[in-house]
Amino acid sequence: MKMFKLNPFSSKNAIPQLCGSLLLMLPTAGYTAQQSAPEECTAEQIELAVNGCEVEETIIVTGYSTQRKEDLTGAVSVVELSELEDLPAGNIMKNLQGKIPGLSIRTDGNPGSGASIRIRGQGIGRLGNNDPLYIIDGIPTKLGMHELNSRDFASVQVLKDASAASIYGARSGNGVIVITTKNGASEDIKLDVSYSQSTQDFNYDLNPLNTEQRAQVIWQAAVNDGSDPNTASPLYQFDWNGDYTNPQLNKIILPNSLDQEGNTTPAVPGTDWFNEVIQTSKIRDFHISASGGSDRGQGYISLGYFDAEGVVKGSKFERISFRANSRYEIIDDIFAVGENLTVTHQVENQNNRDAGNIVSLAIEQQSIVPVYNDDGSDFGGPRSGINDRRNPVSLIEGNKGNDSRYNRLMGNVYAELKPLDGLTLRSNFGLDYGQFYYRRLFPTVSEGNLYNEERLTTQQNWEQTTVWSNTAEYKAKFDNKHNLTILAGTESIEFEREGLFVSSTGLLVEDRDYAFLDAATGGAVASGGGDEWSLNSYFAKVDYNYDDKYLLSGTIRRDGSSRFGENNQYGNFPAFSAGWVISNEDFFDVPLLSTLKLRASWGRTGNQEIDTRATSFTYQTLYSTPSVFTTQQDNGTAYDIGGNDQGVLPSGFVRTQTANPDLKWETSEMVNFGIDFSLYYGTIYGTFDIFDKETSDILTLTEPLATLGEGAQQIVNGGTVTNKGWEFTIGYDDYIEINGIGEIKFDVFANIFAGENEVTDLPDNVKNSFGGNGDDITILGHSVNANYGYVADGLFQSDDEVAAHAQQTGAAPGRIRYADLNQDGVIDDKDQTFFAEMDPDYEYGFGINLEYENWDFSMFWQGIEGGQIRNGWRNFTDLVSVGTTSNFGDRVLSAWTPENSNSDIPALSLQDTNGEGRNSTFYYEDASYLKLRNITLGYKPDDKTVRDLGISSLRVYLSASNLLTFTPSGTISQDPETPDATFPVPRTITFGIDVGF
């Protein structure tokens, strides 16, 4: 599967799309793609992109100033938003998988979930912060993109190297994603309406056993162990021949009832819990926008509605969004003001939040349990011999009406003054405010032997970020060859957050309409907290272009953060880059090579994502907290000193964290070399980048030994990690003429990314958080995603093999054999090692866009090659002994026996005497996969038909996502992309229509 992974940027195709809509340069602190057509180009020429009609392309590259694409010297990827328009607009990051090399995205199928984003690797993994910074219309945020309507986006760009991202300084160590939203144009008012309807579904190949199959497995496991099957489980009795040498099962005898009251008849052949909780999902996505303006003012307004009924019954995610952007020149070409504002209202019910848990319950719950008891008065539930898992149908019913609400207001206002030719002064104030409210009723639960009384919780949180930035930019051109841009600015960021949580019991009426805290008679338990921090910054940038041949850029940013102590409160983040456009040299004469540019950059970026209390000792009141060392004492801080035996107890405090006043910035230093090229007048295009990134002084939380006492945990600068790699994109954009058929336009593209992660230094109090023996075997020298454990070496086939192997407790024919790595003749913890590097060898994507007359067609594939995943479902599908009270997958029916010795599934057993639940290579498999991410067919009627309909444009399309998945032979996981997820990425079929007026 060694395929190239491509992500296209076709300047030819971009011309009609961007020039036709005439996107203006948005005056926001972010990137935007812009095309400006010279006067000599007619509208028809722009639309058809006729050769010889030059179109100048400009994009904002620093977040505070503009720069031509040709002048870029950093590693910046531009997202082709036109390729995402046919996909549901729930979360744009989910739709970017495979589109941008170096941008790794991991997600699941829940419409309300976020996505894990990694740009060119990561730092210290689970012990640190690895998320990129988002800049939306100049407002920095780390909140989720699923809270915004991506149909309002004008451009999305990924800043991957330090020279491009360093202008954002202390928060850009993990890369930056810059988003600008749409504005109006100097033309008549234009109205656009789009609507799409999608369906989603998925299946599992885990295949839980029915009632008799599970009984047969328990019987076989008991026989294998040499124990009496009739004592193995209170759920079954067996009529068998009693011969352990040649066992034969005659009949399975089920109890008349699962409860003593005789009110719950066993389900035969069994409850299909998966079908009880799964449905075909429906997604509706509606968007209407109006834009327009004059020479002095432009505006854009939109309303969006996204409604997703999830694949789990009763689940729902709903978002209403409103946007208003405008700009007006009060004094023509001298003074302008503007604003960008979005308001979203988001509703998500508890079934959507619990979707993964519900699916997991449906797989693990035994099929012998009915959905309801015999008279329908109660839900079926666990009894003796059945694990204490909730009835998933009961959970769905109990969650009805439990909806959370999230409101977000995000926007900025700005003013621009041009007092002198070439000088622009700009002041921008931004606000990102979010408010969350959730009132949840837990009804009384009576399922089998599970009983929980009703409970009411109320949660309310709010948070806000304010940003005030001021910049001065001067652009000048000398002798028609020297182009100089100087930018200087300041920025101040303030963050505040506060939350409240209250829980109470004793509701007389279990009705959500009456379930408020004042109706609860039980004692209320309340908790809450708040947080705030600030960032003060100064930055400057200089760009120089000599004769479109030699490019130089330098950036410096100085950040001061309240999260650090006085000793290291400020940090400096410089960057330099250079470019050489060889194809513009007089000596360059290569007819087939249209463009050739070399780029080089170096820079430092930072990370401040730690608890704001990291530099202080923290203390906390703890009530009735058992010791981690013994069950004979209580480490709580409350004491009934008055002997009242009731009421609120007076309490002291316990230290929970040790201060670290010497904390300093986490710093990433990156070197990048790149090549941009095009051949045959731009029909073939591509880029190649190679990078080396070292992240040092990584901010992380220690896990100290218990002997150091209470509160020894401390946030420290905890190590160094390197990320090295390369990325390549290439495309072919052209057309062909076929006699009798006509012209077919096409764009074939691909991209590939390969990276390596290595931990090179860690303090001792962090090092052992990753496993190892603390001496010669540690995470050092491995990827931060390496796993530590035992090496499974197949299954024992005979008693002779067991005798010949090292001493291994629980060893027997059909059991997992573990490698004796240190050759001491004993299998123990000294035989563990680091294995299963989780990082893929490379990630790739490729696709094609076609246009023929009124039709368009696109197809995109994405995949990864190499690396390992942990398939935790093997506890369910392969190892009966690890969970004898849950259900199992049907793979256990093919478990090892002397007659079935080729099986890789351990012999059935009721007890894990061999320690097969330990972390070992048994659980790991190849992470490679290839997916058909999207395939779309669209149709645009001819101009006459459109005019007859009284509209300006019309397009209908049919799109499908995640239709096919290919995995290597021997892969057990159904979807290596989400190996442990109980909510995998579903198949999606979408029908949509776009209309312009």
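What this report covers is the structure whose coordinates are included nearby. (Residues numbered from 1 in each chain as written. Predicted model: local features only at pLDDT ≥ 70, side-chain atom pairs only at ≥ 80, totals over all residues. Heavy atoms only, no water.)

**Here's the deal with the side chain of Ser668**
How we decide: Think of it this way: any DSSP run of H or I at least four residues long counts as a helix, any run of E at least two long counts as a strand, and we number them from the N terminus. Accessibility here uses a 1.4 Å probe with only protein chains present; expressed as a share of the type maximum, an area under 20% marks a residue as buried, one over 50% as exposed, and anything in between as partly exposed. Counted as a polar contact is a pair of N or O atoms within 3.5 Å, where, for protein atoms, one must be capable of donating a hydrogen and the other of accepting one, and residues adjacent in sequence contribute only when both atoms are in side chains. Whether two residues are in contact is decided by their heavy atoms, any of which lying within 4.5 Å being enough.
Along the chain, Ser668 turns up in strand S30 (residues 666-679). Under the relative-accessibility criterion, Ser668 is labelled buried at 4%. Among the polar contacts made by the side chain of Ser668, one reaches the side chain of Thr695 at a distance of 2.9 Å. If sequence neighbours within four positions are ignored, Ser668 has contacts with Gly173, Gly603, Arg604, Thr605, Lys693, Glu694 and Thr695.

**Remarks on the sheet that holds strand S10 (residues 176-181)**
Stated precisely, the cut-off is as follows: Criterion used throughout: strands pair if DSSP finds at least two bridges between them. Between the N-to-C directions of two axes lies an angle of 0 to 180 degrees, each axis being a line fitted to C-alpha atoms and, for a helix, fitted only over the stretch in contact.
On the basis of which strands lie adjacent, the open sheet formed by 5 strands has the order S4-S9-S10-S7-S8 and mixed pairing. In this open sheet, the two strands that pair with only one neighbour each are strand S4 (76-78) and strand S8 (139-141). Across the sheet, the mean angle from the axis of one strand to that of its neighbour is 20 degrees, orientation sign disregarded.

**Focus on empty space enclosed by the protein**
What counts here: The way it works is a 1 Å grid over only the protein atoms, where trapped points that fit a 1.4 Å probe form a cavity and open points with protein on both sides within 12 Å along at least five of seven lines form a pocket, and then any residue with an atom within 4 Å of a point lines it. Grid points are joined across faces, edges and corners, and a volume is the space filled by probe spheres set on the points.
Applying the stated rule across the entire model yields 8 cavities of 30 Å³ or more. Roughly 80 Å³ of internal volume is contained in the second largest cavity. Mapped by element, the contributors of at least two residues to the lining of the second largest cavity are helix H3 (162-165) and S30.

**Some words on the environment of Ile189**
The topology assignment puts Ile189 in the loop between S10 and strand S11 (190-201). By relative accessible area, Ile189 is classed as exposed at 71%. Apart from residues lying up to four places away in sequence, Ile189 is in contact with Ser291, Gly292 and Phe997.

**What to know about helix H4 (residues 211-225)**
Just so we agree on the cut-off: One less than the residue count of a helix, multiplied by 1.5 Å, gives the span that helix is expected to have.
Along its 15 residues, H4 runs 22 Å from first to last C-alpha, staying within 8% of the 21 Å computed at 1.5 Å per residue. Turning to H4, its buried residues are Thr211, Arg214, Ala215, Val217, Ile218, Trp219, Ala221, Ala222 and Val223. Contacts from the buried residues of H4 go to strand S12 (237-240) and strand S13 (249-253). At the N-terminal end of H4, a side-chain oxygen is found 3.3 Å from the backbone nitrogen of Glu212, two or three residues along, and the residue is Asn210. Count one or two residues on from H4 and you reach Gly226, which has phi positive near 75 degrees.

**Side note on the pattern of salt bridges**
Here is the rule: Think of a salt bridge as a Lys or Arg side-chain nitrogen and an Asp or Glu carboxyl oxygen that are within 4 Å of each other.
All chains considered together, the criterion is met by 46 salt bridges. A salt bridge links Asp201 to Arg987, with the nearest nitrogen and oxygen atoms 2.5 Å apart. Remark: Arg987 occurs in strand S47 (residues 987-996) and Asp201 occurs in strand S11; sequence separation between them is 786 residues. Given the relative accessible area of 29%, Asp201 is considered partly exposed. The residue Glu364 makes a salt bridge to Arg389 at a minimum N-O spacing of 3.9 Å. Of the two residues, Glu364 is situated in helix H7 (residues 355-364) and Arg389 in the loop between H7 and helix H8 (392-398); the sequence distance between them amounts to 25 residues. When salt bridges with common partners are traced through the structure, they connect Arg327, Glu329, Glu416 and Arg426 into a single cluster.

**As for the pairing of strand S7 (residues 133-136)**
Both faces of S7 are covered, namely the face carrying Leu133 and Ile135 and the face carrying Tyr134 and Ile136. Two strands pair when backbone bridges link them, and S7 and S10 are joined in this way by 4 bridges, in the parallel orientation. Paired with Ile135 across the bridge in S10 is Val178. Alignment of S7 against S8, held across 3 bridges, turns out to be antiparallel. In the strand pairing of S8, Tyr134 is matched with Thr141.

**Notes on a nonpolar patch on the surface**
Going by this rule: Residues enter patches when their relative accessible area tops 30% and they take part in no salt bridge; the joining distance is 9 Å for like charges and 5 Å for the nonpolar side chains Val, Leu, Ile, Met, Phe, Trp and Tyr. Values of accessible area rely on a 1.4 Å probe in the Shrake-Rupley scheme; residue burial ignores everything except the protein chains shown.
Nonpolar side chains collect at one region of the surface, where Ile301, Leu303, Ile320, Phe322, Val343 and Leu409 lie side by side and expose about 430 Å² of accessible area between them. For the nonpolar patch, the secondary-structure elements that each account for two or more residues are strand S15 (297-309) and strand S16 (316-331). Position of Leu303 among the secondary structure elements: in strand S15.

**Comments concerning unusual backbone geometry**
For the peptide bond that leads from Val268 to Pro269, omega is 0 degrees, which places it in the cis range. Examined against the element boundaries, Pro269 turns out to sit in the loop between S13 and helix H5 (273-277). Its identity is not glycine, yet Asp547 carries a phi of approximately 55 degrees, on the positive side. Along the chain, the position of Asp547 falls in the loop between strand S24 (525-546) and strand S25 (550-561). Look at Tyr681: it is not a glycine, yet its phi comes out positive at around 60 degrees. When you line up the elements, Tyr681 lands in the loop between S30 and strand S31 (684-696).

**Quick word on H7**
For H7, the buried fraction is high: 9 of the 10 residues fall into the buried class. Buried residues of H7: Ala355, Gly356, Ile358, Val359, Ser360, Leu361, Ala362, Ile363 and Glu364, and no others. For H7, the secondary structure elements touched by its buried residues are H5, helix H6 (350-353), H8 and helix H11 (874-877).

**Thoughts on the pairing of strand S9 (residues 153-159)**
For S9, the buried fraction is high: 7 of the 7 residues fall into the buried class. Here S9 runs beside S10; their pairing, made up of 6 bridges, is antiparallel. Bridging from a neighbouring strand, Leu159 pairs with Val176 of S10.

**Side note on the packing of aromatic side chains**
To be explicit about the condition: The aromatic pairing rule takes the rings of Phe, Tyr and Trp, using the six-membered ring of Trp, and pairs them if the centres are within 6.5 Å, calling planes under 30 degrees apart stacked, those over 60 edge-to-face and the rest tilted. Charges are assigned to positions over rings by a cutoff of 6 Å between ring centre and Lys NZ or Arg CZ, combined with an angular limit of 35 degrees from the ring normal.
Under the defined criterion, the tally for this structure stands at 28 aromatic pairs. With centroids separated by 5.9 Å and ring planes inclined at 55 degrees, the aromatic side chains of Tyr842 and Tyr844 adopt a geometry described as tilted. Tyr844 sits in the buried class, given a relative accessible area of 0%. Aromatic side chains Trp855 and Tyr939 sit 4.6 Å apart centroid to centroid with 50 degrees between the ring planes, which places their arrangement in the tilted category. Here Trp855, found in strand S41 (residues 855-865), pairs with Tyr939, found in strand S44 (residues 929-939); they are 84 residues apart in sequence, far enough to count as distant. Here the aromatic residues Tyr842, Tyr844, Phe846, Trp861 and Phe966 are joined through ring pairs into a cluster of three or more. Lying across the ring of Phe922, Arg874 places its NZ or CZ 3.9 Å from the centre.

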